[in-house]
Amino acid sequence: MKYFEFVNKTKLIAGNNALEQFDYQCQQYHMTYPLILTDEVLIEVGVYSQCIKHFSLPYITYSHIPVDSSIHTIEDIVNLYQKHQCHGIIAIGGGSVLDTAKGVYLMLSQEVSSFDEIIGFESLEKGIDIPFFAIPTTSGTGSEATNVAVISNLEKGVKMEIISEFMQFDVAFIDPRTTLNLPLKTTASCAIDALTHAIEAYSCSGKNPISDVYAINAIQMIFKNIDKIINHPKDKDARTALAIASYNAGCAFSNSMVGVVHGIGHALGAVCHIPHGDAMSMLLVPCMKFNQNQCQKLYGELLLYVGGSELYASTPIEKRADKTIECIETLLNQLHITTKLPISLLSIDDLKSHIDEIVEKAMNDGAMLVNEKYVDYQDVMDILGGIYGY
């Protein structure tokens, strides 16, 4: 067996009334005066207040976090943390809030004054300990479980992937109350983001036996529960299952990495400002078709989890990869009809005018390095140009 490493240090507290454990965990980790990071939308819709009512310690809150986490925001928050002599970080939000928190945590734990001081390091050493909690309010990025943060450099117009096992959360709380009111379109976009994490984790060159277990479980849970949520948005069990699937997919891909879908998706987000989950919804099928000749066996194995045992057993081995992609296409089409989730690259009005810039950024994305099939400049042009379908 090839050499691999697997890290997952985050304690998961999940299910109905998980938030009621919040105060106890603060005591366990000796958190004294935390800085809470969230965004204005979560304050407006009441999710923030739903969370902090379980919290008895004194705290301060920073809520001016943009849709895309940025270096400047992170440095501003670090200055605030130090000014108020805080002790502990609590992130309440989706991927941007959680990734921002990771950037703040890295700067504080590494005791640096500028984010530039930790950019480009192949491996950071463990820094000082700071209690670090996450309450995810979406079910897609899996950031509460990962050792990855995507940070925007606005001056350079790029999204940077920062990877370090030393910025994983200590504790993550998954409580269905934080996602019950999530709009269906956002729910669908997040679900496909998590599905893409799991599929790429299972089929990239960095896969390993443990990441496979997490990826398979995530795929199963997404396919079993997304329809339930679309038809019954207040189904707490289904909401919890989807959030756990996102967590599992995060565990999988942070230990195996992803691939071409994310490589191009990051570039689309940076150049065309496409929400990440929407980019995954547009790119997943074309990129799987591009990878298919190299990933035929792996995609075929996934039919058991996306189509069920009967379909898997009745499909000839050589046709299983095709059927897997067909099942994913069917799901995407259903979500497009029921939630208006964008699933076609044709929905990006300015794609052609920015295609050279998108391809260049995609080719410089680290996710390309672990795609099972080698990807060159023309391959990305072909994918974006519809050679493998829109």
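This report concerns the structure included in the present document. What you see is a predicted model, and the numbers here were worked out from it, not measured in a lab.

Quick word on the sheet that holds strand β4 (residues 89–93)
Thought 1: Spatially, β1-β8-β5-β4-β2-β3 is the arrangement adopted by the six strands of the open sheet, whose pairing is parallel. Looking at strand neighbours, the two that pair on one side only are β1 (11–14) and β3 (60–62), the edges of this open sheet. With direction set aside, neighbouring strand axes in the sheet form an average angle of 20°.
Thought 2: Summarising the sheet, strand β5 (residues 132–136) and strand β8 (residues 171–174) pair through two bridges and their orientation is parallel. Across the sheet, the residue bridging to phenylalanine 133 is valine 171, located in β8.
Thought 3: Together, β2 (35–37), β4 and β5 form the strand contacts of helix α5 (residues 95–110), whose direction differs from that of β4 by roughly 165°.
Thought 4: Sheet strands touched by helix α8 (residues 236–256): β1 and β8. Its angle to β8, the strand with the most contacts, is close to 150°.

Quick word on the packing of helix α6 (residues 184–203) against helix α7 (residues 209–231)
Thought 1: At a closest axis distance of 9 Å, the pairing of α6 and α7 adopts a crossing angle of 160°. What the angle tells us is that α6 and α7 run roughly antiparallel. Read as a crossing pair, α6 and α7 show a hand that is left-handed. Of the residues in α7, those in contact with Leu184, Thr187, Ala188, Ala191, Ala194, Leu195, Ala198, Ile199, Ala201 and Tyr202 of α6 are Asp212, Ala215, Ile216, Ala218, Ile219, Ile222, Phe223, Ile226, Ile229 and Ile230.
Thought 2: Tallied by class, the residues present in the contact of α6 with α7 amount to 18 nonpolar, one polar and one charged.

Remarks on unusual backbone geometry
Thought 1: Phi at glutamine 85 takes a positive value of approximately 50°, unusual for a residue other than glycine.
Thought 2: Summarising the element assignment, glutamine 85 is placed in the loop between α4 (71–83) and β4.
Thought 3: The residue glutamate 111 is not glycine, and still its phi comes out positive at about 55°.
Thought 4: Relative accessible area serves as the criterion here: at 61%, glutamate 111 is assigned to the exposed category.

Side note on the packing of α6 against helix α9 (residues 260–272)
Thought 1: The N-to-C vectors of α6 and α9 enclose an angle of 140°; their axes lie 9 Å apart at closest approach. The angle between α6 and α9 falls in the class oblique. On α9, the residues touching Asp193, Thr196, His197 and Glu200 of α6 are Val260, Val261 and His262.
Thought 2: A per-class count over the contact of α6 with α9 returns two nonpolar, three polar and two charged.

Structural notes on the pairing of β8
Thought 1: Burial of the side chains of β8 extends over both faces: Val171 and Phe173 are buried on one face and Ala172 and Ile174 on the other.
Thought 2: Pairing between β1 and β8: four bridges, direction parallel. Considered in β8, the bridge of alanine 14 is made with isoleucine 174.

Here we look at the nonpolar core
Thought 1: Ranked by internal contacts, the top residues of the largest apolar core, which has 75 residues, are Leu195, Ile199, Ile264, Leu268, Leu283 and Leu384.
Thought 2: Considering every element that reaches this core, the biggest residue donor is helix α10 (residues 276–301), with 12 residues.
Thought 3: Other than its neighbours up to four places away in sequence, leucine 195 contacts Ile219, Ile222, Phe223, Leu284 and Leu331.
Thought 4: Of all hydrophobic cores here, the second largest spans 34 residues; its members include Ile65, Phe115, Ile118 and Ile151.

Conventions we followed
- Residues numbered from 1 in each chain as written.
- Predicted model: local features only at pLDDT ≥ 70, side-chain atom pairs only at ≥ 80, totals over all residues.
- Heavy atoms only, no water.
- Pairing = 2+ DSSP bridges.
- Helix = DSSP H or I, 4+ residues; strand = E, 2+ residues; numbered from the N terminus.
- Axes fitted to C-alpha atoms, helices over the stretch in contact; angles between N-to-C directions.
- Contact = heavy atoms within 4.5 Å.
- Parallel < 35°, antiparallel > 145°, perpendicular 65-115°, else oblique.
- Left-handed = near helix turned anticlockwise from the far one by under 90°.
- Nonpolar A, V, L, I, M, F, W, Y, C, P; charged D, E, K, R; others polar.
- Buried < 20%, exposed > 50% of the residue type's maximum accessible area, 1.4 Å probe, protein only.
- Core = buried A, V, L, I, M, F, W, Y, C linked by side-chain atoms within 4.5 Å.

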